[in-house]
Amino acid sequence: MSEITAKTESLETAPVRTRTATGVALALVVMGAAAITLGLRFDASRVWVDLLVDGYYFLSLALAGLFFLAIKYLASAGWWTAVRRVPEALMSLVPVAALPMLAVWFGRHALYPWTRPGYPRIMATEPALAAKAAYLNEPFFLVRMVLFLGVWSVFAVLLRRASLAQDGQAQDGKHHQHRRMVRLSAGFIVVFAVTFSLASFDWLMSLDPRWTSTLFAVHTFAGLFLAGIAAITLIVVRLRRGGSLAAAVGGSHLHDLGKLLFAFSIFWAYIWVCQYLLIWYGNLSEEIPYYVVRTRGAWLPLFILIPVLNWLVPFLVLLSRAAKRNPRVLGGAAVVVLAGGWLNVYGIVAPAVLPGPRLGVIELLITAGYAGLFFLAATRSLGRAPLLARNDPFLPESLRHHA
Amino acid sequence: MSGPVSGQLVASFAGETELLAAVRTVRERGFRVHDVFTPYAVHGLDEALAAPRSRLPWVTLAGALAGLTAAVGLQVWCAVVDWPLDVGGKPANSALAFLPISFELTILLGGLATAAAFFWRSGLGRRFEPRLAAPDITDDALVLVLALDDGREGEARELLRAAGAREISTLRETRETREAPEETAA
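Fair warning: this is a prediction, and the values are worked out from it, not measured in the lab.

The rules behind these values
- Residues numbered from 1 in each chain as written.
- Chains lettered and ligands numbered in written order.
- Predicted model: local features only at pLDDT ≥ 70, side-chain atom pairs only at ≥ 80, totals over all residues.
- Heavy atoms only, no water.
- Helix = DSSP H or I, 4+ residues; strand = E, 2+ residues; numbered from the N terminus.
- Buried < 20%, exposed > 50% of the residue type's maximum accessible area, 1.4 Å probe, protein only.
- Contact = heavy atoms within 4.5 Å.
- Areas by Shrake-Rupley, 256 points an atom, 1.4 Å probe, with all protein chains shown as cover.
- Lys, Arg positive; Asp, Glu negative; His and termini not counted.
- Charge placed at Lys NZ, Arg CZ, Asp CG, Glu CD.
- Buried area = accessible area lost by both parts, 1.4 Å probe.
- Salt bridge = Lys/Arg side-chain N within 4 Å of Asp/Glu carboxyl O.
- Polar contact = N/O pair within 3.5 Å; in protein donor to acceptor, adjacent residues only side chain to side chain.
- Nonpolar A, V, L, I, M, F, W, Y, C, P; charged D, E, K, R; others polar.
- Pairing = 2+ DSSP bridges.
- Axes fitted to C-alpha atoms, helices over the stretch in contact; angles between N-to-C directions.
- Patch = residues over 30% accessible without salt bridge, like charges linked within 9 Å, V, L, I, M, F, W, Y side chains within 5 Å.
- Phe/Tyr/Trp six-rings, centres within 6.5 Å; stacked < 30°, edge-to-face > 60°.
- Lys NZ or Arg CZ within 6 Å of the ring centre and 35° of its normal.
- Expected span 1.5 Å × (residues − 1).
- Left-handed = near helix turned anticlockwise from the far one by under 90°.

So, about the overall build of chain A. A tally of helices and strands in chain A yields 18 helices and zero strands. Dimensions of chain A, computed from C-alpha atoms along their principal axes, come out at roughly 75 × 40 × 40 Å. Per-residue burial for chain A yields a buried fraction of 54% across its 403 residues. Nonlocal contacts in chain A, meaning residues at least 24 apart in sequence, comprise 82% of its contacts between residues at least 6 apart. Approximately 16600 Å² of chain A is accessible, and the part contributed by carbon and sulfur atoms is 68%. Averaging the coordinates of the 35 positive side-chain charges in chain A and doing the same for the 19 negative ones gives two points 4 Å apart.

Now the structure itself:
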């Protein structure tokens with residue numbers, strides 16, 4: 001046990017961000033906010049698309065941290081405990097990411113045709129749309145939005161509180177807190193399955209109120225978890241390079257993160273093909289427009305680029321064992337997947353609203369602003385507790401982990 | 001004790017710490033470890049033995065590529081080259097339609113090739129006569145089998161005993177001449 005004490009203490013005071021990094025992140029946030037303010041004045045629908053894409057994408061990353069923790073607690077997994085603070089940092093971003101997502105409500109007329117004046121009359125004339133009117137209306141949409149974001153934030157806050165309480169507990173207390181986190185995780189998994197599916201229907205699928213896909217929520221979930229694993233992997237690699245986690249996280253932990261990234265990249269591709277294949281084969285007039293729009297003209301390069309970044313590149317790069325254990329290669333693959341995850345959301349949202357892809361300086365500035373905000377909030381969360389959860393009952397197992 | 005020219009020393013250990021220490025010391029002193037038998041996977045043993053990486057992944061890759069080639073080849077030849085089929089008005093060479101079968105055959109042949117190669121190389125399923133070198137080898141003991149290539153049996157016994165061996169016995173070239181295990185104080 002003395003080995004664990006030594007490792008925990010060596011991480012106690014490790015700084016997670018430099019003053020320069022804080023300054024750069026703050027500058028990015030300011031520039032992003034400026035881009036949003038100016039953009040909304042001159043090119044509103046384009047910027048609302050960006051706000052929905054970034055809001056949804058960064059909220060997905062935060063939720064992925066929460067989901068990652070929940071499944072690890074429910075599976076009684078031991079290997080990951082040395083990196084537990086990293087998904088926890090992502091999880092503590094759920095309330096931070098909920099607010100920008102909530103702001104999308106004010107852009108609803110630019111994004112969702114069914115919120116525009118006069119649309120209820122069109123809805124009433126089409127039986128398929130008329131049946132949706134009880135669900136797709138503005139008051140209920142807002143209620144659901146607030147409810148989902150609120151419930152997720154409550155789970156994130158409760159889990160984080162239990163985790164910090166465990167740090168200060170004696171022998172008996174730490175098991176009590178662990179069981180508490182297992183119960184919270186079980187509750188979250190059930191709630192999350194329903195709420196995240198509905199949130200994906202509301203925020204993304206209803207961009208085209210006529211279109212439906214029964215696989216849609218699986219597709220967005222696969223995107224969420226893949227990008228989330230990439231974010232966790234990238235943060236772990238960065239923390240190790242900075243020396244903060246190097247004492248506790250070895251090649252075996254990286255190897256396992258690499259295996260998860262590799263496996264869920266394949267899972268994402270599997271679901272992506274499933275949805276595309278079924279709609280392409282069926283060729284039904286109410287389903288096929290989704291892919292007709294996305295595979296024509298200027299949208300086609302984006303449509304091809306998305307599976308290349310989310311599947312082909314990480315698949316080929318991470319196929320070998322040596323690559324999964326190499327922090328540089330693994331970190332590089334994680335960056336590619338993170339970019340692919342953003343483009344995946346953009347490829348769902350933008351073709352429904354804009355006549356052609358508009359990826360330029362504005363998108364870069366806004367996304368960099370969100371990333372800066374996330375960096376500040378995540379490093380703040382990482383800095384507020386020891387980087388090793390010293391009272392986690394699985395910590396000794398994780399420190400001895402060998403894959 | 002004058003050591004035999006060839007043969008093996010069989011040492012059983014009660015715990016993995018002792019076994020790992022023994023493997024490291026005998027290898028440092030120039031002995032060859034013939035094999036190690038453990039009731040469960042011992043972490044760090046592969047590194048201590050300097051065991052080479054398994055070549056099984058290459059078999060998987062070859063099987064998977066064979067499956068992929070077979071699936072794509074069969075479908076393209078059947079549905080595009082030999083007898084173009086009109087399915088729902090779609091072009092005959094609709095690669096997307098070939099994807100499920102290509103995926104499944106890739107996985108299937110990759111998996112079957114891996115399993116077959118594993119069974120063949122490890123000799124599982126082949127008829128063999130068990131030869132129990134140490135009585136507790138099928139129970140809880142962790143057993144190290146040391147090759148006595150150049151004699152030095154006395155030195156080897158000394159090292160194994162110092163590392164904490166519970167029991168050490170000598171295994172001669174042929175089974176008939178196998179000596180009775182000698183009790184050794186741990």
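A word on the overall build of chain B. When helices and strands are tallied, chain B shows five helices and four strands. Counting from the amino terminus, chain B carries its helices and strands in the arrangement β-α-β-α-α-α-β-α-β. The burial tally for chain B puts 34% of its 186 residues in the buried class. Taking as baseline every contact in chain B between residues at least 6 positions apart, the subset at least 24 positions apart corresponds to 74%.

Looking now at the interface of chain B and chain A. Contacts between the two partners involve 13 residues from chain B and, on the opposite side, nine residues from chain A. Roughly 1100 Å² is buried in total at the junction of chain B and chain A, and carbon and sulfur atoms are behind 72% of that figure. Across the contact surface, chain B and chain A share zero salt bridges. Counting every contact that joins chain B to chain A gives four residue pairs in polar contact (both at pLDDT 80 or more). Counting residues per element, the side of chain B that touches chain A draws most heavily on helix H4 (residues 95–122) of chain B, which supplies six residues. Of the residues assigned to the side of chain B that touches chain A, the class counts are six nonpolar, three polar and four charged.

Turning next to the side chain of B:Thr170. When you line up the elements, B:Thr170 lands in strand E4 (residues 167–171). A polar side-chain atom of B:Thr170 sits 2.8 Å from a polar atom in the side chain of B:Arg157.

So, about the sheet that holds strand E3 (residues 142–147) of chain B. Residues and elements named next belong to chain B. In space, the four strands of this open sheet follow the order E2-E3-E1-E4, with antiparallel pairing throughout. Every other strand in the sheet has two partners, leaving strand E2 (32–37) and E4 as the edge strands with one partner each. When strand polarity is set aside, the average angle formed by the axes of neighbouring strands in this sheet is 20°. Pairing of E2 with E3, which is carried by five bridges, proceeds in the antiparallel orientation. In the sheet register, Asp35 faces E3, and the bridge partner there is Val145. Those strands touched by helix H1 (residues 16–28) are strand E1 (8–13), E2 and E3, and its axis lies near 10° from that of E3.

Next up on the list: a positive patch on the surface. All names here are of chain A. Residues Arg161, Arg179, Arg180 and Arg183 make up a contiguous surface patch of positive charge. The element contributing the most residues to the positive patch is helix H10 (residues 171–203), with three residues. Note that Arg161 resides in helix H9 (residues 138–167).

So, on to the pattern of salt bridges. Residues and elements named next belong to chain A. Following the criterion strictly, the structure yields 16 salt bridges over all chains and no others. Across the salt bridge formed by Arg358 and Asp43, the nearest N and O atoms sit 2.8 Å from each other. Here Arg358, found in the loop between helix H16 (327–353) and helix H17 (361–383), pairs with Asp43, found in the loop between helix H2 (19–42) and helix H3 (44–74); they are 315 residues apart in sequence, far enough to count as distant. Residue Arg358 is classed as partly exposed on the basis of its relative accessible area of 33%. With its nearest N and O atoms 3.0 Å apart, the salt bridge here joins Lys259 to Asp256. Taken together, the residues span about one helical turn, with Lys259 and Asp256 both in helix H12 (residues 251–282) at a distance of three residues. The class for Asp256 is buried, based on a relative accessible area of 13%. Three or more residues joined by partner-sharing salt bridges are found here, namely Arg84, Arg85, Glu88, Arg160, Asp167 and Asp392.

With that settled, consider the packing of aromatic side chains. Scanning the entire structure with this criterion turns up 41 aromatic pairs over all chains. Relative to A:Phe264, the ring of A:Phe225 lies with its centre 4.8 Å away and its plane at 90°, an arrangement referred to as edge-to-face. Placement of the pair is A:Phe225 in helix H11 (residues 216–241) and A:Phe264 in helix H12, with a sequence separation of 39 residues. Of the residues examined, A:Phe225 reaches a relative accessible area of 2% and is grouped as buried. Taking the centre distance of 5.7 Å and the plane angle of 70° together, the rings of A:Phe264 and A:Phe267 count as edge-to-face. Placement of both A:Phe264 and A:Phe267 in helix H12 is noted, with a separation of three residues, approximately one turn of the helix. We note A:Arg144 situated over the ring of A:Phe140; from NZ or CZ to the ring centre the distance is 4.3 Å. If you follow B:Lys90 out to its NZ or CZ, it ends over the ring of A:Trp280, 5.0 Å from the centre.

Bringing helix H14 (residues 299–317) of chain A into the picture now. Residue and element names in this part refer to chain A. Its 19 residues give H14 an end-to-end C-alpha distance of 26 Å, which sits within 8% of 27 Å, the value for a rise of 1.5 Å per residue. Taken together, the buried positions of H14 are Trp299, Leu302, Phe303, Ile306, Pro307, Leu309, Asn310 and Pro314. The inward-facing, buried residues of H14 contact H11, H12, helix H13 (289–294) and H16.

Quick look at a nonpolar patch on the surface now. A grouping of A:Leu319, B:Trp58, B:Leu61, B:Leu65, B:Leu68 and B:Val72 is seen on the molecular surface, where their side chains present a nonpolar patch of about 560 Å² in accessible area. Secondary-structure assignment places B:Trp58 in helix H3 (residues 56–82). Residue B:Trp58 is classed as exposed on the basis of its relative accessible area, which comes to 62%.

Right, let's talk about the environment of A:Val237 for a bit. All names here are of chain A. Checked against the element boundaries, Val237 lands in helix H11. Among the residues examined, Val237 registers a relative accessible area of 2% and is labelled buried. Sequence separation of Val237 and Val249 is twelve residues, and the distance between their C-alpha atoms is 9.4 Å. Dropping the residues within four chain positions of it, Val237 is found in contact with Leu254, Pro327 and Gly331.

In this section: the packing of H11(A) against H16(A). When two helices pack together, you describe them by how their axes are tilted relative to each other and by the distance separating the axes. Residues and elements named next belong to chain A. Between H11 and H16, the shortest axis-to-axis distance is 8 Å and the interhelical angle comes to 150°. In the crossing of H11 with H16, the sense of the turn from one axis to the other is left-handed. Contacts from Phe216, His219, Thr220, Gly223, Leu226, Ala227, Ala230, Ala231, Thr233, Leu234, Val237 and Arg240 of H11 reach H16 at Pro327, Leu330, Gly331, Ala334, Val335, Val337, Leu338, Asn344 and Ile348. Partitioning the contact of H11 with H16 into residue classes produces 14 nonpolar, six polar and one charged.

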